[in-house]
Amino acid sequence: LTERFKNIYNPEGSALRNLQLRMLEILRAVDNICKKHNIPYWLSSGTLLGAVRHRGFIPWDDDIDIELLREDYQKLIDILPKELPEEYVLQTVSSDSGYVYLYAKVRDTNSNIEEKCVFNKHFKYKGAFIDIFPLEPTNKHLAKIASVCYNRMCLGLVKSKAGKAFRFNHNLLTNIVFPLFRLISPSYKKGIVHHTYGVGFLDYERRLEEVFPLSKVTFEGHEFNAPKDCNAYLKRLYGDDYMNIPDNIENHIADTNIKIW
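**Q** Give me the overall build of the protein chain: which residues, what numbers.
**A** Along its length, the protein chain carries eight helices and eleven strands. Computed over the C-alpha atoms, the radius of gyration of the protein chain is 18 Å, within 12% of the 18 Å expected from 2.2 N^0.38 for a compact globule of 261 residues. C-alpha atoms of the protein chain, sized along the principal axes, occupy 50 × 40 × 40 Å. Every one of the 261 residues in the protein chain was classed for burial, and the buried ones make up 51%.

**Q** How would you summarise the nonpolar core if you had to cite specific residues and measurements?
**A** The biggest cluster of nonpolar side chains holds 54 residues, and the ones touching the most others in it are Leu-43, Ile-66, Val-106, Ile-130, Ile-132 and Phe-219. Counting residues in each nonpolar core, the second largest holds 22 residues, with Tyr-103, Phe-123, Leu-155 and Phe-166 among its members.

**Q** Could you give an account of the environment of Thr-218, with specific residues and numbers?
**A** If you trace the backbone, Thr-218 turns up in strand β9 (residues 215-219). By relative accessible area, which is 23% here, Thr-218 ends up partly exposed. Through-space distance from the C-alpha of Thr-218 to that of Gly-200 is 29 Å; in sequence the pair is 18 residues apart. Beyond its immediate sequence surroundings of up to four residues, Thr-218 is in contact with Ala-51, Arg-55 and Glu-223.

**Q** So what's going on with the packing of aromatic side chains? Which residues, and what values?
**A** Evaluated as defined, the whole model comprises 15 aromatic pairs. Aromatic rings pair up to connect Tyr-99, Tyr-101, Tyr-103, Phe-123, Phe-133 and Phe-201 into one cluster. Sitting over the face of the ring of Phe-5, Arg-4 holds its NZ or CZ atom 4.8 Å from the ring centroid. A cation over an aromatic ring shows up here: Lys-105 above the ring of Phe-129, its NZ or CZ 3.8 Å from the ring centre.

**Q** So what's going on with the packing of helix α5 (residues 140-153) against helix α6 (residues 163-184)? Which residues, and what values?
**A** The axes of two packed helices give the description: the angle between them and the distance between them. Running from N to C, α5 and α6 cross one another at 175°; their axes reach a closest spacing of 10 Å. Between α5 and α6, the angle falls in the class roughly antiparallel. Residue-level inspection shows Leu-142, Ile-145, Ala-146, Cys-149, Tyr-150 and Met-153 of α5 in contact with α6, the latter providing Phe-166, Asn-169, His-170, Leu-172, Leu-173, Phe-178, Phe-181 and Ile-184.

**Q** Explain the pattern of salt bridges to me, using residue names and the numbers behind them.
**A** Scanning the entire structure with this criterion turns up 13 salt bridges. Between Lys-36 and Glu-83 there is a salt bridge, and its shortest N-O distance comes to 3.2 Å. One end of the pair, Lys-36, is in helix α2 (residues 15-36); the other, Glu-83, is in helix α4 (residues 70-83), and 47 residues separate them in sequence. The salt bridge partner of Arg-236 is Glu-210, with a shortest N-O separation of 2.5 Å. One end of the pair, Arg-236, is in helix α8 (residues 230-238); the other, Glu-210, is in helix α7 (residues 208-211), with 26 residues separating them in the sequence. If you follow the salt bridges from partner to partner, you end up with Lys-6, Glu-12, Arg-17 and Glu-220 in one network.

**Q** Pulling in residues and values, what's your account of the state of the cysteines?
**A** Considering all chains together, one arrives at zero disulfides under this definition. With no disulfide of its own, Cys-149 lies 9.2 Å from the sulfur of Cys-154, the closest cysteine sulfur.

**Q** Tell me about the side chain of Arg-206, and name the residues and values.
**A** Inspection of the secondary structure assignment puts Arg-206 in strand β8 (residues 206-207). With a relative accessible area of 2%, Arg-206 lands in the buried category. Side chain to side chain, Arg-206 and Tyr-233 meet in a polar contact 3.5 Å long. When sequence neighbours within four positions are dropped, the list of residues in contact with Arg-206 reads Ser-45, Glu-67, Leu-135, Gly-191, Ile-192, Val-193, His-195, Tyr-233 and Leu-237.

**Q** Describe the packing of helix α3 (residues 45-54) against α8, with residues and values.
**A** Between α3 and α8, the least distance of the axes is 11 Å, while the angle of their chain directions is 125°. Here α3 lies oblique to α8, going by the angle between them. Considering the relative orientation of α3 and α8, their crossing is left-handed. Counting all contacts with α3, which are made through Ser-45, Gly-46, Leu-48, Leu-49 and Val-52, the residues of α8 involved are Cys-230, Tyr-233, Leu-234, Leu-237 and Tyr-238. Each residue belonging to the contact of α3 with α8 can be placed in one class, and the counts come to eight nonpolar, two polar and no charged.

The rules behind these values
- Residues numbered from 1 in each chain as written.
- Predicted model: local features only at pLDDT ≥ 70, side-chain atom pairs only at ≥ 80, totals over all residues.
- Heavy atoms only, no water.
- Helix = DSSP H or I, 4+ residues; strand = E, 2+ residues; numbered from the N terminus.
- Rg over C-alpha atoms; globule rule 2.2 N^0.38 Å.
- Buried < 20%, exposed > 50% of the residue type's maximum accessible area, 1.4 Å probe, protein only.
- Core = buried A, V, L, I, M, F, W, Y, C linked by side-chain atoms within 4.5 Å.
- Contact = heavy atoms within 4.5 Å.
- Phe/Tyr/Trp six-rings, centres within 6.5 Å; stacked < 30°, edge-to-face > 60°.
- Lys NZ or Arg CZ within 6 Å of the ring centre and 35° of its normal.
- Axes fitted to C-alpha atoms, helices over the stretch in contact; angles between N-to-C directions.
- Parallel < 35°, antiparallel > 145°, perpendicular 65-115°, else oblique.
- Salt bridge = Lys/Arg side-chain N within 4 Å of Asp/Glu carboxyl O.
- Disulfide = S-S within 2.5 Å.
- Polar contact = N/O pair within 3.5 Å; in protein donor to acceptor, adjacent residues only side chain to side chain.
- Left-handed = near helix turned anticlockwise from the far one by under 90°.
- Nonpolar A, V, L, I, M, F, W, Y, C, P; charged D, E, K, R; others polar.

Below, the structure written as structure tokens:
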């Protein structure tokens, strides 16, 4: 079944397949750095689903997601600029004045992806990438407030290219407001983590008992970290039928223009 879909959506030599292979190279570089510094990350979301269901990319997928706990994320963000191969760059609000998200990307500088999303149009770096998401214990009510605040005070300014206002609001939220949230309510459920304050994706909890100790999973012929209980993790995100191919695949295909050199 996987081979049939690969022949349709990402056959060898296609633009999407070349993009996937470039992203795989980035993931392997980040994996090597995490191994060297004993930083526990794991494949997440559609990347983990692809590993379990297809032993690689979901044939029509065009990104890679990894997750780690917030304290480990901060360690990795400090290390990556020093140890990434020269063709890759860490993309955060600090390294790219046009970047707007509260999670990081590692970008390839020898490719270009033109995405329709309005939030991406001012990015300095637009190459193939992997997403790196920090997770932490949150209070669900404060997390909703954080998401609304960031959407309105920061993302809402992107269309107007309000650089100084965005930077002020971003610093206010990430340096004062969100740390205050962590101080007054460090956790709403023991052993459960969500995406860090302001990122959103509020309905998708991760249970630490299902994540640690980490296991291994095969993805495109290579072994990478995965949650301890991939089945429980994927059921929580995608339902009991996660092994079934969705009825309307077209809804899952991103509209991007890919150039790789």
